[in-house]
Amino acid sequence: MKTLVWVEHEGGNVKDSTLSAITAAAKLGEVHLLVAGQDVGGVAAAAAKIAGVGKVHVADAAAYANALPENVAPLVVELMGHYDAFVAPATANGKNIAPRVAALLDVMQISEILSVESADTFTRPTYAGNAIATVQSSDAKKVITVRGTAFAKAEREGGSGSIEAVSGAGDAGLSSFVGAEISKSERPELTSAKIIVSGGRALQNSENFHTIIEPLADKLGAAVGASRAAVDAGYVPNDYQVGQTGKIVAPEIYVAVGISGAIQHLAGMKDSKTIIAINKDEEAPIFQVADYGLVADLFKAVPELTGKL
Amino acid sequence: MKILVPVKRVIDYNVKPRVKMDGTGVDLANVKMSMNPFDEIAVEEAIRLKEKGVATEIIAVSIGEQKAQETLRTALAMGADRAILVVSETEVEPLGVAKILAKIVAEEGPGMVILGKQAIDDDSNQVGQMLAALTGRPQGTFASKIEIDGDSIKVTREVDGGLETVSLKSPAIVTTDLRLNEPRYASLPNIMKAKSKPLAQKTPADYGVDVTPRLKTLKVAEPPKRSAGVKVADVDELVAKLKAMGVAA
Ligand SMILES: Cc1cc2nc3c(=O)[nH]c(=O)nc-3n(C[C@H](O)[C@H](O)[C@H](O)COP(=O)(O)OP(=O)(O)OC[C@H]3O[C@@H](n4cnc5c(N)ncnc54)[C@H](O)[C@@H]3O)c2cc1C
Ligand SMILES: Nc1ncnc2c1ncn2[C@@H]1O[C@H](COP(=O)(O)O)[C@@H](O)[C@H]1O
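**Quick look at the overall build of chain B**
Argument step 1. The helix and strand tally for chain B stands at 6 helices and 13 strands.
Argument step 2. Taking all 249 residues of chain B together, 54% fall into the buried category.
Argument step 3. Counted over contacts in chain B with a minimum sequence separation of 6, partners at least 24 positions apart contribute 70%.
Argument step 4. Counting every atom, chain B has about 10,800 Å² of accessible surface; 52% of that belongs to carbon and sulfur.
Argument step 5. In chain B, which carries 35 positive and 34 negative side-chain charges, the distance between the mean positions of the two groups comes to 1 Å.

Here you go:
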């Protein structure tokens, strides 16, 4: 099988989630990549070095600058004449583009796969991860998104793929990019962090995130996450949300502070290696998945913990 | 302009899904079912656009069992004007749903379709994007803000790094994220009124859509179980555990 992987990049770098998608794609056979964007020569060169990559298609044009699906999907479809499968990371951009490609190809997408069982059979989470389905696709071509935490990252070095320019149809004239408000942080990114400290509704306001959660995260070199309740209340930006409908994370250590452990939150973090929960309610469901639970008032316990580390 | 809002009947988000012993799926017998939460947000947004005088008519659509009528009645009670139920007693996949919706879009000509970003049962996150592809329309997925600006629609989207804004040429397809709005509850008088609002019944065949599934579910299993660990007595014990894991000085 020949597979085309859509490469997500930022600031000239291939993102980690794409490396996981490449590992998944490699289980299907030969892997080629598509790098679309503006001034992406550097990204293409970096992509060609990824271990196991055969060919890199590069579409360099303003129309591809912001991963607008209206422009990128037709480009993918054009290339798909030569491929048996299209694979994208299950990120906000990947989820935006892949189903548009699938419908244009008249294919039922397989979302967020956890494993490749065979060329046509995959496992994927449903019902907030409470049911893992094994599904077999009868479509001639496969369109797949890949859950990053389920696959190891392909090595960034070791490959020697060839680079080939493609033009595509360019701007479909349906949409344009207006701007972005991207949260800036010195901390590690949530989806690739080794340690995460997350806060919930119990934090009460954004000030307490700064004075209670962040010092602990700084001590641990951790990323900061949150429950939906904390995001909805405006304590932290939307991209901090961990869960079924937020980010899926699986760090070495996940510290849940003042989070009850609703199934939607658990869906996003229960594959973490070690879970630590601090909650004043000993009946909180989060303790059912926590390796170490501390029943305590976070306003006392967390500063004490930060101080003693 | 007309707004079309597809709504799905799903397991209530407060219910913990249980996998059936025979591994064929999730047990939905005697389980509380509700409108997919993201679809409630979509209905709410449509109603607000009608209240602002932007939308003239709101049409709710559901594809599913007869019981999905209840879901449509909820949409009508919230404020939708009429409903279409496309009856299928077997589950229709996102691609099939998108194909039926594309036919309804061709028939009704809505200025906007607002869907949920994801159904909390299949967790597919596909239908909106597929519908956009099939109708050749632009898509504003994971919306946290929708602004109508002449014949373009500005959508602020929740993306991995924060927020992003795109401008879409009307007519467009939008999918909702959690922060778009807080859906209202239907009042008792509106629930009564909803009973007499029009609800048309169709079948996939009426639209000439073949909904034969492309994916076959071979097995449904519970995820590996995580067992509860231990409770530590105090912060000192937690510090010791962290140190044992090689964390911190
Ligand atoms: C469609 C949909 C999608 C959703 N997606 C997500 C998602 O992706 N991610 C997500 O997180 N949620 C999601 N949710 C929301 C989820 O159902 C819960 O409402 C949410 O996770 C609750 O957040 P919380 O635990 O912070 O708040 P709460 O449930 O209110 O819990 C607060 C906890 O803090 C504890 N506490 C209070 N004070 C203190 C104190 N001083 N010290 C210590 N502990 C204290 C309490 O005992 C309680 O356990 C979704 C819901 C829906 C309907
Ligand atoms: N059977 C259905 N009937 C009506 N709308 C649906 C149906 N399935 C999905 N949708 C819509 O498509 C959105 C995304 O669903 P999905 O792609 O299945 O995650 C939902 O939030 C609904 O708005």
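Read on, since the account is not over.
**What about empty space enclosed by the protein?**
Argument step 1. Under the criterion given, the structure shown has 4 cavities of 30 Å³ or more.
Argument step 2. Its boundaries defined by the atoms lining it, the largest cavity holds a volume of some 130 Å³.
Argument step 3. Across the lining of the largest cavity, the residue classes break down as 4 nonpolar, 4 polar and 4 charged.
Argument step 4. Along the lines of polarity and charge, the residues of the lining of the second largest cavity split into 4 nonpolar, 2 polar and 4 charged.

**A look at the site of ligand 1**
Argument step 1. In the neighbourhood of ligand 1, 28 residues make up the surrounding shell, with Arg201(A), Ser227(A), Gln241(A), Ser260(A) and Asn279(A) lying closest.
Argument step 2. Residues near ligand 1 are shared among chains A and B, making this a multi-chain site.
Argument step 3. With respect to ligand 1, the backbone of Arg228(A) contributes an N or O atom lying 2.9 Å from an oxygen atom.
Argument step 4. One of the backbone nitrogen or oxygen atoms of Val242(A) is found 2.8 Å away from a nitrogen atom of ligand 1.
Argument step 5. Protein coverage of the free-state accessible area of ligand 1, which is 990 Å², stands at 86%.
Argument step 6. Looking at the shell around ligand 1 residue by residue, the class counts come to 11 nonpolar, 12 polar and 5 charged.

**Brief notes about the domain arrangement of chain A**
Residues and elements named next belong to chain A.
Argument step 1. Entries for chain A in the domain assignment read domain 1 (2-165) and domain 2 (190-308).
Argument step 2. Distance between the C-alpha centres of domain 1 and domain 2: 31 Å.
Argument step 3. Listed by partner, the interface residues are 8 residues for domain 1 and 8 residues for domain 2.
Argument step 4. Interface of domain 1 and domain 2: buried area, both sides summed, is about 640 Å²; carbon and sulfur atoms make up 53% of it.
Argument step 5. Per-residue buried area on domain 1 facing domain 2 is highest for Ala128, Arg147 and Thr149; these three make up 67% of the total on that side.
Argument step 6. Summed over the shared surface of domain 1 and domain 2, the result is 0 salt bridges.

Calculation rules
- Here the residue index of a chain counts from 1 through its sequence in written order.
- Numbering of ligands from 1 and lettering of chains from A proceed in the order in which they are written.
- The model is predicted, so local features are restricted to residues of pLDDT at least 70 and side-chain atom pairs to those at 80 or more, both for listing and for counting; the totals for chains, interfaces and linings are taken over all residues.
- Side-chain numbers here rest on the full set of heavy atoms in the structure, without hydrogens or water.
- Strands here are runs of E lasting at least two residues and helices are runs of H or I lasting at least four, both read from the DSSP assignment and numbered beginning at the N terminus.
- Residue exposure (1.4 Å probe, protein chains only): buried if accessible area is under 20% of the type maximum, exposed if over 50%, otherwise partly exposed.
- Throughout, a contact is declared for two residues whenever any of their heavy atoms are within 4.5 Å.
- Per-residue accessibility takes into account occlusion by the displayed protein chains alone, with areas from the Shrake-Rupley method and a 1.4 Å probe.
- His residues and chain termini do not enter the charge count, which takes Lys and Arg as positive and Asp and Glu as negative.
- Just so you know, the charge point we use is NZ for Lys, CZ for Arg, CG for Asp and CD for Glu.
- A 1.4 Å probe that fits but cannot get out identifies a cavity on a 1 Å grid over protein atoms alone, an open set with protein on both sides within 12 Å along at least five of seven lines counts as a pocket, and a residue lines either if it has an atom within 4 Å of a point.
- Grid points are joined across faces, edges and corners, and a volume is the space filled by probe spheres set on the points.
- Throughout, the ten residues Ala, Val, Leu, Ile, Met, Phe, Trp, Tyr, Cys and Pro are labelled nonpolar, Asp, Glu, Lys and Arg are labelled charged, and all others, Gly among them, are labelled polar.
- When we say a residue is near a molecule or strand, we mean one of its heavy atoms is within 4 Å of it.
- The term polar contact refers here to a pair of N or O atoms within 3.5 Å; inside protein, the definition further demands a hydrogen-donor-capable atom paired with an acceptor-capable atom, and it admits residues adjacent in sequence only when both atoms are side-chain atoms.
- Here the bounds of each domain stem from an automatic or database domain assignment.
- Buried area adds together the accessible area that both of two parts lose upon being put together, with accessible area traced by a 1.4 Å probe.
- Note on definitions: salt bridges are taken to be side-chain nitrogens of Lys or Arg within 4 Å of carboxyl oxygens of Asp or Glu.

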